[in-house]
Amino acid sequence: GEVEPGKGQHHLVRAFAEVHKRFPETSLVIVGDGPLSSVVESEIRKLGLEASVKMLGRRTDIKECLSCMDVYALPSISGEFFPNSILEAMSTGIPWVGCDIAGLKELTAGGEAGEVVSIGDIDALVLIMSRLVEDTDLRMRMGLNAREEVEKKFSIQQVFSRVLASYGRVIAS
């Protein structure tokens, strides 16, 4: 991933600071590198979160990184078309929270697999992340629903069929 203005990692760090006050055993992992890495690192220092937030930089072992997570957050504020990272998290059975961009509501399974908040709504991020940290049963249920949803709607065969049908409509017209 990229640490850039549109990804909203600075919002995530601020939201995590509030979650961490309530749940001091939590930690935040940020995967990716980019032009705003130093700004995000500065925000981490400013909030005194150096021991609880790890910036891993650019990684290729995404499946392994996701296997260490209980909740996935992508608080993008702009610039996303369709973030594959949400699908990657869902495929590993992780519930997620993201901002209401690029049709992400369609991936929530009606709030049973993930949740979206308004762009830039840090308080809503705090609320959802706290609820998922606190309620293990909810987190596990949403994770299972996330995996089922991505298998049902985004398997290679499903995506291939939709792309093929789209080409068919274009050719027919």
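Our subject is the structure listed above.
Here the structure is a predicted model, which is why all the values come from computation and not from measurement. (Residues numbered from 1 in each chain as written. Predicted model: local features only at pLDDT ≥ 70, side-chain atom pairs only at ≥ 80, totals over all residues. Heavy atoms only, no water.)

Student: How do you make sense of the environment of Glu43 when you look at a structure like this?
Tutor: Note on placement: Glu43 falls in helix H2 (residues 37-46). Separated by 32 residues in the primary sequence, Glu43 and His11 have C-alpha atoms spaced 9.6 Å apart. The residues touching Glu43, leaving out its near neighbours within four places in the chain, are Val13 and Arg14. Reaching out from Glu43, the side chain makes a polar contact with the side chain of Arg14 at a distance of 3.1 Å. (Helix = DSSP H or I, 4+ residues; strand = E, 2+ residues; numbered from the N terminus. Contact = heavy atoms within 4.5 Å. Polar contact = N/O pair within 3.5 Å; in protein donor to acceptor, adjacent residues only side chain to side chain.)

Student: In this structure, what is going on with unusual backbone geometry? I would like to understand it.
Tutor: Negative phi is the rule for most residues except glycine; trans is the rule for most peptide bonds. Phi is positive for Ala109, close to 55 degrees, though the residue is something other than glycine. Relative to the helices and strands, Ala109 is located in the loop between strand E4 (96-99) and strand E5 (114-117). Judged by its relative accessible area of 25%, Ala109 falls in the partly exposed class. (Buried < 20%, exposed > 50% of the residue type's maximum accessible area, 1.4 Å probe, protein only.)

Student: Would you take a moment to explain the side chain of Glu115 for this structure?
Tutor: By secondary structure assignment, the location of Glu115 is in strand E5. According to the relative accessible area criterion, Glu115 is buried, its value standing at 17%. Setting aside its immediate chain neighbours within four residues, Glu115 contacts Trp96, Val97, Gly98, Thr108, Ile128, Arg131 and Met142.

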